There are 2 protein chains.
Amino acid sequence: MERIESHACFGGRQEVWRHASAVLGCDMRFGVFLPPQAEAGPVPTLYWLSGLTCTEQNFVTKAGAQRAAARHGLALVAPDTSPRGEAAADDPAYDLGQGAGFYVNAVAAPWAAHYRMHDYVTAELPALVEATFPVTASRGVAGHSMGGHGALVAALRHPGRYRSVSAFAPICAPSRVPWGEKAFAAYLGPDRDAWKAWDACELIAGARERLPLLVDQGGADEFLDAQLRPDLLEAACAAAGHPLVLNRRAGYDHSYYFIASFIDDHVAHHAAALAEDRP
Amino acid sequence: MERIESHACFGGRQEVWRHASAVLGCDMRFGVFLPPQAEAGPVPTLYWLSGLTCTEQNFVTKAGAQRAAARHGLALVAPDTSPRGEAAADDPAYDLGQGAGFYVNAVAAPWAAHYRMHDYVTAELPALVEATFPVTASRGVAGHSMGGHGALVAALRHPGRYRSVSAFAPICAPSRVPWGEKAFAAYLGPDRDAWKAWDACELIAGARERLPLLVDQGGADEFLDAQLRPDLLEAACAAAGHPLVLNRRAGYDHSYYFIASFIDDHVAHHAAALAEDRP
């Protein structure tokens, strides 16, 4: 573990750390914001999963989430989006390989050796964070686009591991849209039945925990109809009786300007759920 | 004039425009945030001048200023930091040439042909903005580091042109620190007397308008003692009886995390002054 950035920020600290990930077999970076309340005692943590092409930097520099996190006393942890380095396989396309891990555990060559982002973000990283920083084991998870898919799947696959979940413009049904079909075929292989374990719309039907989903979706998002499909999530939740708040935000696109505009609402949503979890 | 970005943001719009600058003799980009209030009628404008190595992007993506600007009904305009392109002279160093215009009007070769950033940000750009967007002629000016110097000098050289001024970690006395000495020698020539017209600490003594200065300075800023010297600004203001609020923020560095942490205070400062200016 090596701290490579540390900045005072809204009375707390925004840091970036590098560590050797055993799960991924490479060095990884993640951002961590510690609110001022962490000086007095451990605080809950909101994990943020970023979208295609992002690193740990995008969320920490552009979302403006530290302000609300400092007010509510939440830590923020923002990992990178894939394994990195020469050892990990890559692909020239922006939507496969490095920068595009899709938060699954790959089983197909050449990806299986390193691309286990699901285990990394749901298990290895929280264990490391909780052993290193003044945080409790109360966790929320959120994300954007590919990371919104990752957040929904993380919560749906692990009842009890998260107290709250939300997403901005998530890829709601990756098995049925081009981005997801390409990534799942590569990482998981051609058997589409195996893809269901990594698709929020498929997981909703069998969810053992009715964790409410909070989703914001921009109405002017250039990927809305072809890649994101919140209508399919809405239908899956309605069919299963799963609680969903889907805020459609007219005029907003897929950028961090959209995220920044509504991040306070999401931080407050997580803070409320995580406060209930306190002893 | 060409709009090259447009995003919904906090109920308003964050845009980036490109235009041919007659003053600079090249194409320039600037960011403009229009708050929701601009749909109902013209609003005042806060100009932001960025620091070394920055473009128009740094402030619009990292400062999180749109949130407060939307609340107060201020437009934000963020120009690039120098002339750009093959025609404009450049230098391999980060602190001279493109990305480092220092907001002066250059008189020495090879810079004089294009490097007239002071006239650009104080005259050409406001005229263009006020002719194009739903804004009034009520202006505030703020900036960071090199741009903090630029903001102080813009306000001090033009009584009546701005209703408010503020700066984060400004280069307070460029004539007396390495960054400024290098830039002024290049852009203005060797006569140090001519530099005084571009140095806030020199201009304070003769200021014809007692516009209050708001300055925030991080206590852990890596450039504090060698390049920024707020102590010299404090002394100049004390000697001249010029109103100054200098907030020293323990632990904060020179980054946009510092700016984001206190930008709400600065936007509120400008909004209060610009509201007084309304008919």
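Preceding block: the structure.
Residues numbered from 1 in each chain as written. Chains lettered and ligands numbered in written order. Predicted model: local features only at pLDDT ≥ 70, side-chain atom pairs only at ≥ 80, totals over all residues. Heavy atoms only, no water.

Asks: Would you mind going over helix H9 (residues 230–240) of chain B with me for this structure?
Replies: Spacing of three or four residues puts side chains on the same side of an α-helix, whose turn is 3.6 residues. Residue and element names in this part refer to chain B. All buried positions along H9 are accounted for by Pro-230, Leu-232, Leu-233, Ala-236, Cys-237 and Ala-240. End-on view of H9: buried residues confined to an arc of 155°, all on one side of the axis. Along H9, the residues that are exposed and aim more than 90 degrees away from the buried face are Ala-238 and Ala-239. Tucked into the core, H9 has its buried residues touching helix H4 (146–157), helix H7 (200–203), strand S8 (213–218), helix H8 (224–228) and strand S9 (244–249). Taken from the residues just after H9, Gly-241 is the one with a positive phi, measuring 65°. (Buried < 20%, exposed > 50% of the residue type's maximum accessible area, 1.4 Å probe, protein only. Helix = DSSP H or I, 4+ residues; strand = E, 2+ residues; numbered from the N terminus. Arc of directions from axis to C-beta. Contact = heavy atoms within 4.5 Å.)

Asks: Is there a simple way to think about the pattern of salt bridges in this case?
Replies: Opposite charge on two side chains lets them pair, provided their charged atoms get close. All names here are of chain B. Per the counting criterion, the structure on display carries 32 salt bridges over all chains. Measuring nitrogen to oxygen at the nearest pair gives 2.7 Å for the salt bridge that ties Asp-95 to Lys-182. One end of the pair, Asp-95, is in the loop between strand S5 (75–79) and helix H3 (117–132); the other, Lys-182, is in helix H5 (residues 178–188), and 87 residues separate them in sequence. A residue is classified by how much of its surface remains accessible, and Lys-182, at 34% relative accessible area, is partly exposed. Close ionic contact of Glu-181 with Arg-192 constitutes a salt bridge, the shortest N to O distance being 3.0 Å. (Salt bridge = Lys/Arg side-chain N within 4 Å of Asp/Glu carboxyl O.)

Asks: Sorry if this is basic, but what is going on with the packing of aromatic side chains here?
Replies: Geometry of an aromatic ring pair is reported as the spacing of the ring centres plus the angle between the planes. Applying the stated rule across the entire model yields 26 aromatic pairs over all chains. Aromatic pair Trp-179 of chain A and Phe-223 of chain A: ring centres 4.7 Å apart, planes at 45°, arrangement tilted. Highlighted residues: Trp-179 of chain A in helix H5 (residues 178–188) and Phe-223 of chain A in the loop between strand S8 (213–218) and helix H8 (224–228), separated in sequence by 44 residues. Under the relative-accessibility criterion, Phe-223 of chain A is labelled partly exposed at 26%. Taken together, a centroid distance of 5.0 Å and an interplanar angle of 85° make the contact between Trp-111 of chain B and Tyr-115 of chain B edge-to-face. Here the aromatic cluster, defined as three or more aromatic residues joined through ring pairs, consists of Trp-48, Phe-59, Phe-168, Tyr-252, Phe-258 and Phe-262 of chain A. When the ring centre of Trp-198 of chain A is taken as origin, the NZ or CZ atom of Arg-157 of chain A, which lies over that ring, is 3.7 Å away. (Phe/Tyr/Trp six-rings, centres within 6.5 Å; stacked < 30°, edge-to-face > 60°. Lys NZ or Arg CZ within 6 Å of the ring centre and 35° of its normal.)

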